[in-house]
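Next come the chains, spelled out residue by residue.
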4 protein chains.
Amino acid sequence: MSPRRRDAEGTATARAGRRTELLATAAEVFASRGYAATTVREVADAAGILGGSLYYHFDSKESIVDEILSTFLDDLWARYDEVLGAGLGARETMERLVVESFRSIDRHRAAVVIYQNESRHLSEGPRFAYLRESWDRFERMWGELLDRGIKENAFRSDLDVPLVYRFLRDTVWVAASWYRPGGRLTADEVAERYLGMVLEGIRAPKG
Amino acid sequence: MSPRRRDAEGTATARAGRRTELLATAAEVFASRGYAATTVREVADAAGILGGSLYYHFDSKESIVDEILSTFLDDLWARYDEVLGAGLGARETMERLVVESFRSIDRHRAAVVIYQNESRHLSEGPRFAYLRESWDRFERMWGELLDRGIKENAFRSDLDVPLVYRFLRDTVWVAASWYRPGGRLTADEVAERYLGMVLEGIRAPKG
Amino acid sequence: MSPRRRDAEGTATARAGRRTELLATAAEVFASRGYAATTVREVADAAGILGGSLYYHFDSKESIVDEILSTFLDDLWARYDEVLGAGLGARETMERLVVESFRSIDRHRAAVVIYQNESRHLSEGPRFAYLRESWDRFERMWGELLDRGIKENAFRSDLDVPLVYRFLRDTVWVAASWYRPGGRLTADEVAERYLGMVLEGIRAPKG
Amino acid sequence: MSPRRRDAEGTATARAGRRTELLATAAEVFASRGYAATTVREVADAAGILGGSLYYHFDSKESIVDEILSTFLDDLWARYDEVLGAGLGARETMERLVVESFRSIDRHRAAVVIYQNESRHLSEGPRFAYLRESWDRFERMWGELLDRGIKENAFRSDLDVPLVYRFLRDTVWVAASWYRPGGRLTADEVAERYLGMVLEGIRAPKG
DNA sequence: AATGAATGAGTCTTCATTCAT
DNA sequence: TATGAATGAAGACTCATTCAT
């Protein structure tokens, strides 16, 4: 690699790095104060620059959340698609989807919190059509998986699928509101315990 | 009872009725658009009056959410306290708490949504100390209940109590985001299925 | 007329009156400082209210110019249409159009100045399509009138119609930049002298 | 001439050339969007550089218009002064002034548009005193010329001089708003037709 | 009880300008 | 010469709140 090339890459990387940095900062602030209640100035303060300076990097407050959420969802669906394409049985698929979900909470905690709290309101605008689409794919994915699991005798046959889908969906994501990377449990450990609870129930086995 | 008094009471009742009406309207709007993102004017529009007119009934936007949330929590804890005071076993206590929770979603859907979405942010202000208190009572209540249930051999002894507490807590309340009174299932039916899932798990029983 | 009705009308009139007042003030300020260079605050100052208060009456700065210009053009075309519908000869039609133009400068001086200075820029937005339409009608009107006048032998046959059209068009409206209602000459007097100049030329008659 | 000197001159010339280029670009943009409504960034975009880079060449946005307008006016008055110093009769003087005016529109179209649209507002600042002076010289020049023409029996004796002055003044310059160098008519042809109209009028000669 | 008009602080955003590189 | 990142003042607009009627 010539020095020239290294330089050019260095600059491009630096630029992308600054963006990523600002997005991470913004995500943190949006997650903790709420998107609507957060002022652009607060985001800028947290980034150590002035309010107006953010607009050198981003078009608008909205485009900031947009980028935060779409980055998260792109990453998430890439992992999900890998799992779904692996040709596994329903229960193993479900287990791995749950693991990937908790891992994505680990990587994108702030984004997940925003997704959880704001996507319902944001998805009304045309700019956020992808949120609705993601939502729908989610619903289809879990619905089909539960149905398949029942057929494969992996899940109980008396499940109320739409209801279970809702609980699984929400239950995974709300974890973002309390999970702290580097805390007592790793993402994989949380996933394991969560699966234990969901699959086996919490009642003591009859003796 | 003199006619005078009846009049006075009639007026007072009418006034209280109007208040309740306005609170219900406001709760609905706050729930669907988010508290911070909702303008006083939107609430007033939904109530068919002008923005300024709301201030005849309430001191401020904040005092409106305040009243919505405290009404809901007062009612909720009254029911919880009844259950807790009944001297039941851990599992039955848990079952009845879940049932009361879903019933309260049925009665206060909008308030629960607001509680779910905004209480973290709101509870920072001094006016909303009761939200933090309620949160703490919640945590203690479930923690003690789970511990007791394990001792009583009602729940599996290998539960990760803090984790299970979090899942139970969130899992119940997020139901407010999709539950519609008068829908396919009554609150009690949802509670029953939910309990089935949580207690027994979703995995098909072996052999 | 009952007192009730008088009251209602009084209120409606007062409301419309306030709007008209604010529009007149805004037009004056836009005309003297230029639309883009005028701040909403300057308009509000001139009206004796605060900047934000203007938004009780109008949606945006743009909607203010919009209303100023469309009011002026509606009035202008109503008068033009009367003249055009009167079945007069080309020269008399032209004379009366010029008179009506100067009269409209008298009634809508500020609006005409704005129209003159800003319509080119404004008409690019979709909201101001009517400016382009008015412009086109103008062009057609004068083109046809000049052609007809030449056929009727009212105007010289060697006129370069597109060129003359342009001069007539601009020449009339720029008068708004110096005409002051209540000055040395009335609108009708200016029109008369203007017509003398345009029709007969300024060169001394030979012989 | 040493190579060194040639180089230095070459560089100086190149620099001056870049300046001129940028000024032409800026003039075009100011003319089409309006000075106040044009951002420095738009000018830079049109020149293919970044916003901040303009400040290597110019002190401020204001100094750019300043240079555009003063260049134009210097050139214009140099030509006018030649005509005025030639000792011609009033009518020939007037004809040649008009010709020079249209020629200057040909050479400085964008500058003339800016002059026409913005000089009233700009001339309020101290930096643009020369605009007011030019305006005054203009007025005196035309006033004296018309008076002299009447005395010399070149123009009709019943002219309303202040009025005719205004029409001549504006009428010539507004041509900049539609004239396109290289169009159907050359500047001299437009001048000729314009003079025909102004001198002889547009009415068909009697009998 | 409610209206209509206004307030004034604050929000998002723009933009001329600066400056290290 | 030009770039990229930032500044900071100002601009349009919003909105909770007030108050005379």
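Given the structure is predicted, the values throughout are model-derived calculations rather than measurements. (Residues numbered from 1 in each chain as written. Chains lettered and ligands numbered in written order. Predicted model: local features only at pLDDT ≥ 70, side-chain atom pairs only at ≥ 80, totals over all residues. Heavy atoms only, no water.)

**Side note on the packing of aromatic side chains**
Right, on to step 1. Scanning all chains against the criterion turns up 52 aromatic pairs over all chains.
Right, on to step 2. Between the aromatic rings of Y194 of chain A and F167 of chain B, the centroid separation amounts to 4.8 Å while the plane-to-plane angle is 40°, which identifies the pairing as tilted. Taken together, the residues span two chains, with Y194 of chain A in helix α9 (residues 187-200) and F167 of chain B in helix α8 (residues 161-174). With respect to class, Y194 of chain A is no different from F167 of chain B; both count as buried.
Right, on to step 3. When the centroid spacing of 6.0 Å and the interplanar angle of 55° are considered together, the rings of F138 of chain B and W173 of chain B count as tilted. Linking F138 of chain B in helix α7 (residues 129-151) with W173 of chain B in helix α8, this pair joins segments that are 35 residues apart in sequence. One exposure class covers both F138 of chain B and W173 of chain B, and it is buried.
Right, on to step 4. Aromatic rings pair up to connect F72, W77, Y80, Y115, W135, F138 and W173 of chain A into one cluster.
Right, on to step 5. It is R137 of chain B that lies over the ring of W77 of chain B; its NZ or CZ is 4.0 Å from the centre.
Right, on to step 6. A cation sits over an aromatic face here: K61 of chain C above Y35 of chain C, 4.6 Å from the ring centre. (Phe/Tyr/Trp six-rings, centres within 6.5 Å; stacked < 30°, edge-to-face > 60°. Helix = DSSP H or I, 4+ residues; strand = E, 2+ residues; numbered from the N terminus. Buried < 20%, exposed > 50% of the residue type's maximum accessible area, 1.4 Å probe, protein only. Lys NZ or Arg CZ within 6 Å of the ring centre and 35° of its normal.)

**Examining the arrangement of the chains**
Right, on to step 1. At their nearest point, the C-alpha atoms of chain A and chain C are still 20 Å apart, with no contact between the two.
Right, on to step 2. Taking C-alpha atoms only, the smallest gap left between chain B and chain D, which are not in contact, amounts to 32 Å. (Contact = heavy atoms within 4.5 Å.)

**Considering the relation of the copies chain D and chain C**
Right, on to step 1. Superposition record for chain D on chain C: RMSD 0.1 Å, screw rotation 180°, translation along axis 0.1 Å. The operation mapping one copy onto its partner corresponds to a two-fold rotation axis. It is G201 of chain D whose C-alpha, among those of chain D, lies nearest the rotation axis, at 1.8 Å. (Least-squares fit on C-alpha atoms with pLDDT ≥ 70 in both.)

**Observations concerning the protein's contact with DNA strand F**
Right, on to step 1. Within the structure, DNA strand F sits among 30 residues, and H57 of chain A, V40 and Y55 of chain B, Y55 of chain C together with S53 of chain D are positioned closest to it.
Right, on to step 2. A breakdown of the atoms of DNA strand F within 4 Å of the protein gives sugar and phosphate a share of 74%.
Right, on to step 3. In this structure, a phosphate oxygen belonging to DNA strand F sits 2.5 Å away from a side-chain N or O atom of H57 of chain A.
Right, on to step 4. Within the backbone of V40 of chain C, one N or O atom sits 2.8 Å away from a phosphate oxygen of DNA strand F.
Right, on to step 5. For the surface near DNA strand F, the secondary-structure elements that each account for two or more residues are α1 (3-33) and α3 (54-57) of chain A together with α1 (3-33) and α3 (54-57) of chain D. (Near = heavy atom within 4 Å. Polar contact = N/O pair within 3.5 Å; in protein donor to acceptor, adjacent residues only side chain to side chain.)

**Quick word on the protein's contact with DNA strand E**
Right, on to step 1. In the vicinity of DNA strand E lie 31 residues, with Y55 of chain A, S53 of chain B, H57 of chain C together with V40 and Y55 of chain D positioned nearest.
Right, on to step 2. A breakdown of the atoms of DNA strand E within 4 Å of the protein gives sugar and phosphate a share of 73%.
Right, on to step 3. Contact between DNA strand E and T38 of chain A: a phosphate oxygen at 3.2 Å from a main-chain N or O atom of the residue.
Right, on to step 4. Residue V40 of chain A places a main-chain N or O atom 2.8 Å away from a phosphate oxygen belonging to DNA strand E.
Right, on to step 5. Taken together, the residues of the surface near DNA strand E break down into 10 nonpolar, 14 polar and seven charged. (Nonpolar A, V, L, I, M, F, W, Y, C, P; charged D, E, K, R; others polar.)

Geometry only, nothing functional implied.
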